[in-house]
Amino acid sequence: MTKTSPATADLTLAEKVSLASGASFWKTEAVGAIPAIHLTDGPHGLRMQADGGDHLGLGGSLPATCFPPAAGLSQAWSTALAGRIGEALGREAQAAGVSVLLGPGVNLKRDPRAGRNFEYFSEDPILSGALGAAWVTGLQAQGVGASVKHFVANESEDDRMRSSSEIDERTLRELYLRPFQRVVEDARPWTVMCSYNRINGVYAAENHWLLTRLLRDEWGFDGVVVSDWGAVDDKVAAVEAGLDLEMPGNGGASDALALAAAEDGRLSLAAVDRAANAVAELALRARAARREVTVDHEAHHALAREAASQSIALLKNEDGILPLARERRIAVIGEFAEQPRYQGGGSSHVNPTRVDVPLEELRTRFDRVEFARGFTTDDSLDAAALRAEAVATAARAEVVVLFLGLGARQESEGFDRDTIELPADQRELLDVLAATGTPIVVVLSHGGVVRLAPVAGTARAILAAALLGQGGGAAIADVLVGAANPSGKLTETVPERIEDVPAYLNFPSENSRILYGEGLHIGHRWYDARDLAVTYPFGHGLSYTTFAYSGLELAACDDGITAAVRVTNTGTRAGREIVQFYVGKPDSAVRRPVRELKGFTDVTLQPGESVTATVLLRRADLAYWDLRNGAWTLETGEYEVHAAASSRDIRLSGSVAVVGDERPLIVSRSTTLGEIMADPAAAETILPLLAAGTGGVDAAAGDTLGMDMMRMLASIPLARVAQFGGDGGLSALLDGTAAEH
Ligand code: BGC
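Calculation notes
- Residues numbered from 1 in each chain as written.
- Predicted model: local features only at pLDDT ≥ 70, side-chain atom pairs only at ≥ 80, totals over all residues.
- Heavy atoms only, no water.
- Helix = DSSP H or I, 4+ residues; strand = E, 2+ residues; numbered from the N terminus.
- Rg over C-alpha atoms; globule rule 2.2 N^0.38 Å.
- Contact = heavy atoms within 4.5 Å.
- 1 Å grid on protein atoms, 1.4 Å probe; cavity = no way out; pocket = protein on both sides within 12 Å on 5 of 7 lines; lining within 4 Å.
- Points joined across faces, edges and corners; volume = space filled by probe spheres on them.
- Nonpolar A, V, L, I, M, F, W, Y, C, P; charged D, E, K, R; others polar.
- Salt bridge = Lys/Arg side-chain N within 4 Å of Asp/Glu carboxyl O.
- Buried < 20%, exposed > 50% of the residue type's maximum accessible area, 1.4 Å probe, protein only.
- Pairing = 2+ DSSP bridges.
- Axes fitted to C-alpha atoms, helices over the stretch in contact; angles between N-to-C directions.
- Left-handed = near helix turned anticlockwise from the far one by under 90°.
- Near = heavy atom within 4 Å.
- Polar contact = N/O pair within 3.5 Å; in protein donor to acceptor, adjacent residues only side chain to side chain.
- Areas by Shrake-Rupley, 256 points an atom, 1.4 Å probe, with all protein chains shown as cover.

Digging into the overall build of the protein chain
When you go through the protein chain residue by residue, the secondary structure sums to 25 helices and 28 strands. At 28 Å, the protein chain has a C-alpha radius of gyration in line with the 27 Å of a compact globule built from 741 residues. Dimensions of the protein chain, computed from the C-alpha atoms along their principal axes, are close to 95 × 75 × 50 Å. Relative to all contacts within the protein chain whose residues are 6 or more apart in sequence, the contacts with residues 24 or more apart total 77%.

Written as structure tokens, this is what we have:
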């Protein structure tokens, strides 16, 4: 879908070409009436660099609100919250003169070791797409464009600028493209950022199928495709394939290549026009949307803190040890209590306007707090001495609040982890503290999943605090003291051991190739299919109150399935429950995960209160990608629907009949007898021809031999049947023509 812009009508070829690459690190080119616009990172805060620029978060940037990164925010499972954060980011971007914020990242957490998981929402495509679309809608309502990234199959950092993600189309469509499709179709982002990597051998930036046939022709995208910073290998191939804007600018080097190619016909003028028009339209749209905005940083900090509070997941709370009474004598242990880890490293690194420090916040909420550092993340102090001090502190306390997690050196953009273990000194610290007998509450800060089996076996309570942004310290203290009731739930499975993870044998790349060999089975889809024990399942999170589910009602409708369930707060505190709906189709014609998340919502209830949580399980989300027909297909038949508190805590199940897409069987030379027999219309036409030619397929003959004749014959293609001779006209029917039934 090429847009024509009146603004480019009078431009020279050289001017058009120059629009298609940046003028500098963060700005586009100004040409004639077309203004330059400013793009910047993204996604959980504004990384606005005053001078120069870098894409690794090395240089300084202006202060901005640091909202929870996606790994934290996703745990709130709230599209409303994601939308409000998008709006707040839009206000900060407007105030800074930024027209495009480089986010959200909707790649999937295929493997817990992937270095950039902290910047992505989930292992699940439906959740990632819904949160991403809400975030983009909020942002763009402020007149600032989004750049949904990294398109696509960029699920690891290792060798990311060369490696090829080898994926079959069904997996690509149903998992990795799905969140992008949702964002593009529902939220119409102004830009899409193509990734560094190759997909099945072809760089994303040069992938015509991806950038043109799929994104524009199928999904109707009408914005700008921008390259990830430095992702263009072959400028001419990229523009031809559908890339509009190459970033950052490289002093005219790419323009010269493109101009020469356009002049001698190696680059089509249509592609040059497409890119120039798209960039011109973006710049004009951005200028029209410019407005004066004053940012209320206090209000944004309050929002960051509210978001952090909703994003904390309580994984364990033995004997209701939490919340803690303010009179308890508390030993706060761990470097992260004093030097919180609240965001990831790399291009998304924000310079926060302020940071709530957990230790300080705890001191205002509890009367008796003692602190010991316990460990360092940079090995700068003697580990044994720190442990000894921590043990002495714990021995004097009634409860230990132990902050564990990953430091900035241990996970970041740019590299993957080779383990999911907590650092050894932290594990050792946990053991020696456990030996004191003082009950331990663990607070975890990290972007990627860590193995929790040792923690779960030792701690009385665990708060998964992920990365929570600048308001995280206050949010954690509120939850510990009970001023806030935790309501977050995990958006990534915590496996028992690294050997259990779906991509264990295929991660990371080898010889610049990453085989997505586990196919459709990542995250909960994998653990459920293999019936593997997990430490904490996808979707898990407790509350200081309890919820009961009743009266599941399911109804098929034009748009999919309406699922409704009554949720009652059966405890003594107000609380929020995230209600999840999983769908399975055990009799599917194709291999499918046992059950998959297809919808979710949240309800906030006073003690004793009930409400009906209703969700539309969208038709598009129930469909599978049919490789034979090259189309999304919704199967007709019964679907199992589970209302659940987590992927492993299914509260109610039911089934509902759905009328799907009727796809006539295309009968060709390679259609098998089994496929014909399974299709009544085809069987009616074809079987008589076969019977006439062969004297009849005598299934009864098989019976006498004690064989299931029909199963034996099922895999024979029609063309081969015809070869046996005397096919009663079948050959004529198949000869060059396909019949539809
Ligand atoms: C990252 C992008 C980022 C860009 C600009 C790249 O290295 O992959 O996510 O938006 O740099 O900083």
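Some points on the layout of surface pockets
Counted as a void, the largest pocket has a volume near 980 Å³. Lining the largest pocket are 29 residues, with Tyr624, Asp626, Arg628, Asn629 and Leu665 positioned closest to its centre. In terms of residue class, the lining of the largest pocket is made up of 10 nonpolar, eight polar and 11 charged.

A short note on the pattern of salt bridges
Two side chains bearing opposite charge may form a pair once their charged atoms approach each other closely. The final tally for this structure, using the stated rule, is 53 salt bridges. A salt bridge links Glu413 to Arg116; the nearest nitrogen and oxygen atoms lie 3.3 Å apart. Taken together, the residues span a long stretch of sequence, with Glu413 in the loop between strand 12 (399–405) and helix 15 (424–434) and Arg116 in the loop between strand 2 (100–101) and helix 4 (125–140) at a distance of 297 residues. Assessed through its relative accessible area of 8%, Glu413 is described here as buried. As a salt-bridge pair, Arg648 and Asp528 come within 2.7 Å of each other at their nearest N and O atoms. Pair noted here: Arg648 is in the loop between strand 25 (637–646) and strand 26 (649–658) and Asp528 is in helix 18 (residues 524–529), with a separation of 120 residues, a long-range link. For Asp528, a relative accessible area of 10% gives the class buried. Overlapping salt bridges, with partners in common, bring together Arg116, Glu119, Glu157, Arg160 and Glu413 in one network.

So, helix 6 (residues 178–187)
In terms of burial, helix 6 is a largely internal element, eight of the 10 residues being buried. Listed as buried for helix 6 are Arg178, Pro179, Phe180, Gln181, Arg182, Val183, Val184 and Ala187. Phi for Arg188, located one or two positions after helix 6, is positive at around 45 degrees.

With respect to the sheet that holds strand 18 (residues 547–557)
The three strands are arranged 18-19-22 in an open sheet whose pairing can be described as antiparallel. Both outer strands of the open sheet, strand 18 and strand 22 (610–618), are each paired with one neighbouring strand and no more. The mean angle between the axes of side-by-side strands here comes to 20 degrees, regardless of whether they run parallel or antiparallel.

Examining the sheet that holds strand 16 (residues 513–515)
Pairing between the strands of a sheet is mediated by backbone hydrogen bonds and can be parallel or antiparallel. Strand order in the open sheet formed by four strands is 7-6-4-16, with mixed pairing between adjacent strands. Unpaired on one side and paired on the other, strand 7 (202–203) and strand 16 mark the two borders of the sheet.

Some details on the packing of helix 14 (residues 383–395) against helix 15
At their nearest, the axes of helix 14 and helix 15 sit 10 Å apart, and the two run at 35 degrees to each other. Considering only the axes of helix 14 and helix 15, their crossing is right-handed. Contacts from Arg387, Ala390, Val391 and Ala394 in helix 14 reach Asp425, Glu428, Leu429, Val432 and Leu433 in helix 15. Taken together, the residues that form the contact of helix 14 with helix 15 break down as six nonpolar, no polar and three charged.

Thoughts on the site of the ligand
Near the ligand, the surroundings consist of 15 residues, among which Asp41, Arg116, His150, Tyr196 and Asp228 are the closest. Note that an oxygen atom of the ligand is positioned 2.6 Å from one of the side-chain N or O atoms of Asp228. The contact in question runs from an oxygen atom of the ligand to an N or O atom on the side chain of Glu413, over 3.3 Å. Protein chains bury 100% of the 310 Å² of accessible surface belonging to the ligand in isolation. For the shell around the ligand, the class distribution of residues is five nonpolar, three polar and seven charged.

Looking at empty space enclosed by the protein
Gaps between atoms show up when a probe of the same size as a water molecule is rolled over them. Inspection of the entire model under this criterion finds 10 cavities of 30 Å³ or more. Approximately 160 Å³ is the volume attributed to the largest cavity. A per-class count over the lining of the largest cavity returns 10 nonpolar, five polar and two charged.

Considering the environment of Ala331
Position of Ala331 among the secondary structure elements: in strand 10 (residues 329–333). Residue Ala331 is classed as buried on the basis of its relative accessible area of 0%. Excluding residues that lie within four positions of it along the chain, Ala331 makes contacts with Glu370, Thr393, Ala394, Ala397, Val399, Val400 and Val401.

Focus: the environment of Glu635
Position of Glu635 among the secondary structure elements: in the loop between strand 24 (631–633) and strand 25. On a C-alpha basis, the gap between Glu635 and Leu490 in space is 30 Å, while along the polypeptide they are 145 residues apart. Once you skip the residues sitting within four places of it in the chain, Glu635 turns out to touch Lys585, Ser588, Ala589, Arg592, Tyr624, Val658 and Gly660. Among the polar contacts listed, one links the side chain of Glu635 to the backbone nitrogen of Ala589, at a separation of 2.7 Å. A distance of 3.2 Å separates polar atoms of two side chains, one belonging to Glu635 and the other to Arg592.

A closer look at the side chain of Ser647
Mapped onto the fold, Ser647 is located in the loop between strand 25 and strand 26. When near neighbours in sequence (up to four residues on either side) are disregarded, Ser647 contacts His524, Asp528, Pro537, Phe538, Gln580, Tyr582 and Arg595.

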